[in-house]
Amino acid sequence: MSVLDGLRYTKEHEWLRLENDTAVIGITDFAQQSLGDITFVELPSAGSNLIQGETFGVVESVKAVSDLYAPCSGEILEMNQALIDSPEWLNEDPYAKAWMLKVKVSEIKEGELLSPEDYQKFVEESGH
Amino acid sequence: MAEKDYHSHATTGLILREDTIFERSSSGREGYRLPNLEVPEVSPKSLRRSHPAELPEVGELDVVRHFTRLSSWNYSIDTGMFPLGSCTMKYNPRINEEVAALPGLSDIHPDAPAEVSQGALEIIYQMERLLCEIAGLDACTTQPAAGAVGEFTGLALVHAFHKHHGSRRKYVLVPDTAHGTNPASCTLAGYETITLPSSKTGVLGVDTVREAVEKYGRDIAAIMITNPNTLGLFETNILEISEVVHSVGAQVYMDGANMNAIVGMAKPGHMGVDVMHFNLHKTFSTPHGGGGPGAGPVAVREHLAPYLPNPRVVHTDSKYSVEYLPESIGKVKGAFGNFGMLVRALCYIRHHGAEGLRAIARASVLNANYLKHQLSKRFKLSHDAPSFHEFVVSDALQAKVGGVKTLQIAKALMDRGFHPPTIYFPLVVPGAMLIEPTETESLQDLDRFIAAMNDIADRIESGEETFADAPTKTIVGKVDEALAARRPVLSLDDRAL
Amino acid sequence: MSSFIPLTTEEEKRILSTLGATSTDDLFSSIPPKIRESAKLNLGDMSRALSEHELREYFGSLASKNAGLRCHFLGGGTYDNTIPAIVNQLVLRGEFLTCYTPYQPEISQGTLQAIFEFQTMICRITGMDVANASMYDGATATAEAALMALRLKRQPKGKTLIAGNLPPDYKQVTNAYLSCHAPTPIEIASASDGTLDRNHLVELVKEHNPCSVIVAVPNYFGIVDDFSSLRAELPDSCLLIVAVPDLSALSIFEPAGKLGADVVVGEAHQLGTPMLFGGPHVGFFATRRDFARQMPGRLVGESQDARGQRAYTLTMATREQHIRREKATSNICTNQGLIALRTTIYLSFLGKTGFERLGLMNHSLFEYLRKELEGVGIPLKFKNSLHYREGVFEVPNLKARFDALLKRGVAAGIPLQPKMGGDETFAQSLLVCVHPKHKKRDLDTLIEGLSHG
């Protein structure tokens, strides 16, 4: 399982990368491994708003379904349309090609996010 | 090698391939001949369909060969042992089919006047009466089309009862060992599910229920408990649990999917249960048919009877007729429900009589305990407690030694001539295999199944096989389910997309 | 012991000694004694086990109590038809009859491919993109369609409009399915010609902003309403659900899918399954491709196996109750597998031309009946409307004539007043339906019987 430096993580296994005041959002390598072959992604379109901690979409594998939780609040600038057509990218390249949303950040509650080290520890400790 | 293969009942034989029926089609070929039309043929004056629906154009032998070949690709109870836990895959007696096909029981219309439907109404009436006695409850409806409809119906009755008493309630308590459909049925009935964890011993603790009752009080509409539960264990605290639940005016719903284990040995009505459903395709042997039709009658205590679905079949002055309850929840299925399944179940009950029904429960529990005893020598048993008709083992030992998981064990069983158990359910046991042999398997077949499971365990332990490619003896190999979900081809016309 | 329990007394002893138990009763010791002690079944006159021969006699006598009719004109949602011998024979194959829901695709390809063929047939007949593996019946399929509309519009408490001229069972089941957690559907009135009252519909849509509008083709009065402009009259925020209580109607009438319906649901038992006193029947559920993930019930998809061969499997199961639990699209588990198989075999055998001929046959029989009854002063209640196979006739002295025919073994139809909640305007109304078994002399018996006495 890989955890990348320079990203922040949620306990629900989303990652967030800040580029100035824009956040790029996706799901972690651990998330894709536990789901198995991902078959479907549902994401909100550009223009709609995220609220940190609330659900914004769904990923599905053959026999599991998982809600996505926003790691920050803000307005969606761009949604990865190509990912909708190729959900298998989430298995192949969760941190790059399979990014989900680009968000113009209005607020990040840092206290609810984990550093790479803490996320690694969180995953190991929760017995996975 | 030859010695080990002794236990392997599946071999490859002559299996015939077959495209879809549409691909057999030949333009202009006609099959079935309808009766002659004895009046002038006329076509609708408007809204006429411009192009006929593209159905196949095939002859009688085409159809017979096509579907006969398809049938040969299915594994069924008639083929071999089918220990699919919680589904009760027992033998489906053929006398049931014969009587259900009698013209006087199949060619009858639900809106025919009651005076020419006395036999049909009598069947419904008698089935409801028999199920009441088996449940130890007061009234019954045979209208629900399946167990899931039964669950919804039962909860809708609870909803109507509370509403009638001016009480708006929000929650249904569901133990984590209940059937998987229960939460979805709660949603349909307008309730939120509160999941209750079972104790270490696999049954629901009274304290767990008491805590929930203290916390949610009169917001609780009901508890929905499967008994025996999906670990195959009897909920030993059921009497106390019922008392605690009743103390806040909530109702006790029992999912009766596992009645096969206790029919004639325990009555839900004597456990404090207010409402329950039966699955006629489980306890009373109506065929599963590749996924239906089923039937899910609901039995209730007297105080819920005024809300039962309409119409009700009644017997007065030695005549059967229907009547309508003013406070009924309405209808949960067209007409009288899956009447044809009631005929089969009634036939089964009458074939057994009172003592025979008891014998079903006893033999199913005996078989399950024997299988559990033998398999627990090689597979990790989930709970060391007295089992009823089914039990759970897991892949823990095989995963540790050879990295082989439940899914591979299931597929390896196919190559040995058996249908796999229910896998990855119940969710409370990781890598679960829920095994239910039923009472209709002989000791010899149980021993063959044990030998097949042991053979799989042997090969994993010796490192000989991981079964990554299993099954190999089936008409198709492992099916790519991810591809099916990513690029859905749901009809022939989707192939071109 | 019963002939279905193979265990011998000797074997029982052997198992008990393996388990270290002294009697089978020991295995039930975790049941509290109070419950165990009161478990004895009292089945009264049904306590005794019957032999196979006695069962034949018992059910034979029950069947004979239903045998009072030599001919009937009953429809209204359940329809009679001739059933080819091969349908009855093929569904009795144990591999179809006694298999389970095809969760294990490698050993269920027969059922899976047959369902795939069923889905294809339903799509082609209804003119929709996707169809599921079947529903319990037309009534529950209609209810599920209304629920799907609430999900799609993300309005759990959204409103539903339902045509008053749907079969009563369809309305009542939809009411029951919705009423516990959403508003009870609001009924759209019928116009004086038995069709949907379009003005009332417009008013209701404006007032309630519903998630869906449910209409019927043909409706309970046998009328084929012209809905070609209906979609355009509804706001985009509202789903158009068309219920088809008799799928055979779409053999000759323009498929609802072509008319812009978002969902087409209904009943298909009349294609290969006997009436069975109303069940088991088989519902179908078809919709647009973009709604597939909100559909209830099972879906079969085509895929490949590890050897690169074509193979079928259940798919998009994440919509379902066993995975999504309380957030599932429905609580439905089974479909009507074996009845859907009957439909598939029947439609294969009837074929493209036969299916059309079946529709024309029903239509022609009814048109003959209509003309002849009008000739003897028994008009259709809604005479200017287009009908398929059944219609409401105004019969003078209905009760006496109905009873006289019944004495002669003819059920003349369904008297409508009780079905319409006691509505006085239906006091003399009889819903009369034809089916392919009818000979000209059957129709003539009815005409003669309804016009005298």
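Just so you know, the residues in each chain are numbered from 1, in the order the chain's sequence is written. Going through the entries in the order they are written, you letter the chains from A and number the ligands from 1. Thresholds applied to this predicted model are a pLDDT of at least 70 for local features of residues and 80 or more for the giving and counting of side-chain atom pairs; totals over whole chains, interfaces and linings are not thresholded and use all residues. For the side-chain quantities, the full set of heavy atoms in the structure was used; hydrogens and water were omitted.

Q: Explain the overall build of chain B to me, please; I cannot follow it from the model alone.
A: In DSSP terms, a helix is any run of H or I states spanning at least four residues, a strand is any run of E spanning at least two, and both are numbered starting from the N terminus. Of the regular secondary structure elements, chain B holds 15 helices and 13 strands. The buried label goes to any residue with under 20% of its type's maximum accessible area, the exposed label to any with over 50%, and the partly exposed label to all in between, with areas taken from a 1.4 Å probe on protein chains only. Among the 497 residues that make up chain B, the fraction classed as buried is 67%. Two residues qualify as a contact provided that any one of their heavy atoms is within 4.5 Å of a heavy atom in the partner residue. Restricting to contacts in chain B with at least 6 residues of sequence separation, those with at least 24 account for 72%. Where accessible areas are quoted, they stem from the Shrake-Rupley method and a 1.4 Å probe; at the residue level, only the protein chains shown are allowed to cover. Surface exposure of chain B reaches about 16600 Å², of which carbon and sulfur atoms provide 49%. Here the positive residues are Lys and Arg and the negative ones are Asp and Glu; neither His nor the chain ends is included. The atom standing in for a charge is NZ when the residue is Lys, CZ when it is Arg, CG when it is Asp and CD when it is Glu. The average position of the 47 basic charges and that of the 58 acidic charges among the side chains of chain B differ by 2 Å.

Q: Is there a simple way to explain the packing of aromatic side chains in this structure?
A: Describing an aromatic ring pair means giving the distance of the ring centres and the angle of the ring planes. Each pair of aromatic rings taken from Phe, Tyr and Trp, with Trp reduced to its six-membered ring, is defined by centres within 6.5 Å and is described as stacked if the planes are under 30 degrees apart, edge-to-face if over 60, and tilted in the remaining cases. One pass over the structure, following the stated rule, counts 24 aromatic pairs over all chains. With 4.6 Å between their ring centres and 5° between their planes, Phe336(B) and Phe277(C) make a pair best called stacked. Within this pair, whereas Phe336(B) is found in the loop between strand S9 (319-323) and helix H11 (339-375), its partner Phe277(C) is found in the loop between strand S7 (263-267) and strand S8 (283-287), the two belonging to separate chains. Ring centres 6.1 Å apart and planes at 45° place the aromatic pair Tyr100(C) and Tyr103(C) in the tilted group. Taking the relative accessible area as the measure of exposure, Tyr103(C) reaches 35% and is therefore partly exposed.

Q: What is the right way to read the interface of chain B and chain C from this model?
A: How big an interface is tends to be stated in terms of the accessible area lost upon association of its parts. Across the boundary between the two partners, chain B contributes 197 residues, which contact 183 residues of chain C. Summing both partners gives a buried area of about 17000 Å² for chain B against chain C, and 64% of it is carried by carbon and sulfur. Buried area: the accessible surface (1.4 Å probe) lost by two parts on joining, summed over both. Interface area lost by chain B to chain C is led by Tyr32(B), Arg350(B) and Leu490(B), which between them contribute 5%. By salt bridge we mean one thing: a side-chain nitrogen of Lys or Arg within 4 Å of a carboxyl oxygen of Asp or Glu. The shortest N-O distance in the salt bridge between Asp137(C) and Lys333(B) comes to 3.0 Å. Within 3.5 Å is the distance limit for a polar contact, defined as a pair of N or O atoms, with the added protein rule that one can donate a hydrogen and the other accept it, and that residues adjacent in sequence qualify only through two side-chain atoms. In this assembly, chain B and chain C are joined by 82 residue pairs in polar contact (both at pLDDT 80 or more). When residues in the side of chain B that touches chain C are grouped by element, the largest group, 25 residues, is from H11(B). Any residue that is not Ala, Val, Leu, Ile, Met, Phe, Trp, Tyr, Cys, Pro, Asp, Glu, Lys or Arg is counted as polar, Gly included; the first ten are nonpolar and the last four charged. Partitioned by chemical class, the residues of the side of chain B that touches chain C number 102 nonpolar, 57 polar and 38 charged.

Q: Mind showing me how you'd approach the domain arrangement of chain B here?
A: All names here are of chain B. When the domains of chain B are assigned, the result is domain 1 (97-351) and domain 2 (360-483). Residue-level contacts link 22 residues of domain 1 with 21 residues of domain 2. When the two sides are added together, the surface that domain 1 and domain 2 hide from each other amounts to roughly 1500 Å², 64% of it contributed by carbon and sulfur. At the boundary of domain 1 with domain 2, the tally comes to zero salt bridges. For the pair domain 1 and domain 2, the interface holds four residue pairs in polar contact (both at pLDDT 80 or more). Partitioning the side of domain 1 that touches domain 2 into residue classes produces 10 nonpolar, 10 polar and two charged. Domain start and stop positions are those given by an automatic or database domain assignment.

Q: Can you help me understand the environment of Ser27(B) in this one?
A: Residues and elements named next belong to chain B. Within the secondary structure, Ser27 is located in the loop between helix H1 (2-5) and helix H2 (60-71). Relative accessible area serves as the criterion here: at 73%, Ser27 is assigned to the exposed category. Counting along the chain gives 29 residues from Ser27 to Pro56, while the straight-line C-alpha distance between them is 8.6 Å.

Q: I would appreciate a short explanation of the confidence of the model for chain A in the present structure.
A: As a general rule, the predicted coordinates of low-pLDDT regions are not to be interpreted in detail. Averaged over every residue, the pLDDT of chain A is 92; residues scoring 70 or more account for 98%. When pLDDT is averaged over each element of chain A, strand S8 (residues 73-79) of chain A comes out on top at 96 and strand S7 (residues 65-69) of chain A at the bottom at 90. What pLDDT conveys is the predictor's confidence in a given residue, as a value from 0 to 100.

Q: What is the right way to look at the pairing of strand S9 (residues 101-107) of chain A in this model?
A: Within a regular beta strand, the side chains point alternately toward one face of the sheet and then the other, so they alternate between its two faces. Residues and elements named next belong to chain A. In this analysis, strands are considered paired if DSSP registers two or more bridges between them. Across four bridges, the pairing between strand S3 (residues 22-27) and S9 is antiparallel. The residue bridging Thr22 from the neighbouring strand is Lys104, located in S9. Of the pairings in the sheet, the one linking S8 to S9 comprises six bridges and is antiparallel in character. Its bridge partner lying in S9, Glu75 is registered against Lys104.

Q: Got a minute to help me understand the interface of chain A and chain B in this structure?
A: With nine residues of chain A in contact, the opposing surface of chain B contributes five residues. The contact between chain A and chain B buries some 550 Å² in all, and 45% of this surface belongs to carbon and sulfur atoms. Among the residues of chain A in contact with chain B, Thr39(A), Val62(A) and Glu88(A) are the three that bury the most area, contributing 63% of the side total. Counting the contacts that link chain A with chain B gives two salt bridges. The partner of Glu88(A) in a salt bridge is Arg487(B), and the shortest N-O contact between them spans 2.9 Å. For the interface between chain A and chain B, the tally reads four residue pairs in polar contact (both at pLDDT 80 or more). Its residues placed into classes, the side of chain A that touches chain B shows three nonpolar, two polar and four charged.

Q: Mind showing me how you'd approach the sheet that holds strand S13 (residues 414-415) of chain C here?
A: Residues and elements named next belong to chain C. The three strands are arranged S11-S14-S13 in an open sheet whose pairing can be described as antiparallel. Only two strands of the sheet have a single neighbouring strand rather than two, namely strand S11 (390-394) and S13. Where S11 meets strand S14 (residues 429-433), five bridges bridge the pair, whose relative direction is antiparallel. Pairing of Glu394 across the sheet is with Ser429, part of S14.

Q: What is the right way to read the pattern of salt bridges from this model?
A: Inspection of the entire model under this criterion finds 58 salt bridges over all chains. Arg495(B) is the partner of Glu23(B) in a salt bridge, and the nearest nitrogen-oxygen pair spans 3.3 Å. Taken together, the residues Glu23(B) in the loop between H1 and H2 and Arg495(B) in the segment after helix H15 (481-486) connect sequence positions 472 residues apart. On the basis of relative accessibility, which here comes to 29%, the residue Arg495(B) falls in the partly exposed class. The salt bridge involving Glu356(C) is made with Arg48(B); its shortest N-O contact spans 3.0 Å. Residue Glu356(C) is located in helix H12 (residues 337-375), and its partner Arg48(B) is located in the loop between H1 and H2; the two belong to separate chains.

Q: Explain helix H1 (residues 9-19) of chain C here, please?
A: One turn of the α-helix equals 3.6 residues, which is why residues spaced by three or four share an orientation. Turning to H1(C), its buried residues number three or more, namely Glu11(C), Glu12(C), Ile15(C) and Leu16(C). Viewed along the axis of H1(C), the buried residues span an arc of 135°, placing them on a single side of the element. In H1(C), the exposed positions that point more than 90 degrees away from the buried face belong to Glu10(C), Lys13(C) and Ser17(C). Taken together, the buried residues of H1(C) touch H11 and helix H14 (443-461) of chain B. By arc we mean the arc of the directions from the helix axis to the C-beta atoms, nothing more.

Q: Where do I start with the sheet that holds strand S5 (residues 251-256) of chain B in this structure?
A: Pairing between sheet strands relies on hydrogen bonds along the backbone, with the strands arranged either parallel or antiparallel. Residues and elements named next belong to chain B. Read across the open sheet, the seven strands follow the order S1-S7-S6-S5-S4-S2-S3; overall the sheet is mixed. In this open sheet, the two edge strands, each paired with only one partner strand, are strand S1 (139-141) and strand S3 (192-196). Recorded for the sheet is a direction-independent mean angle of 25° between the axes of neighbouring strands. Sheet topology note: the strand S6 (residues 275-278)/strand S7 (residues 298-300) ladder contains three bridges and is antiparallel. Under this scheme, a helix contributes an axis fitted over its contacting stretch, all axes are lines through C-alpha atoms, and angles between N-to-C directions fall in the 0 to 180 degree range.

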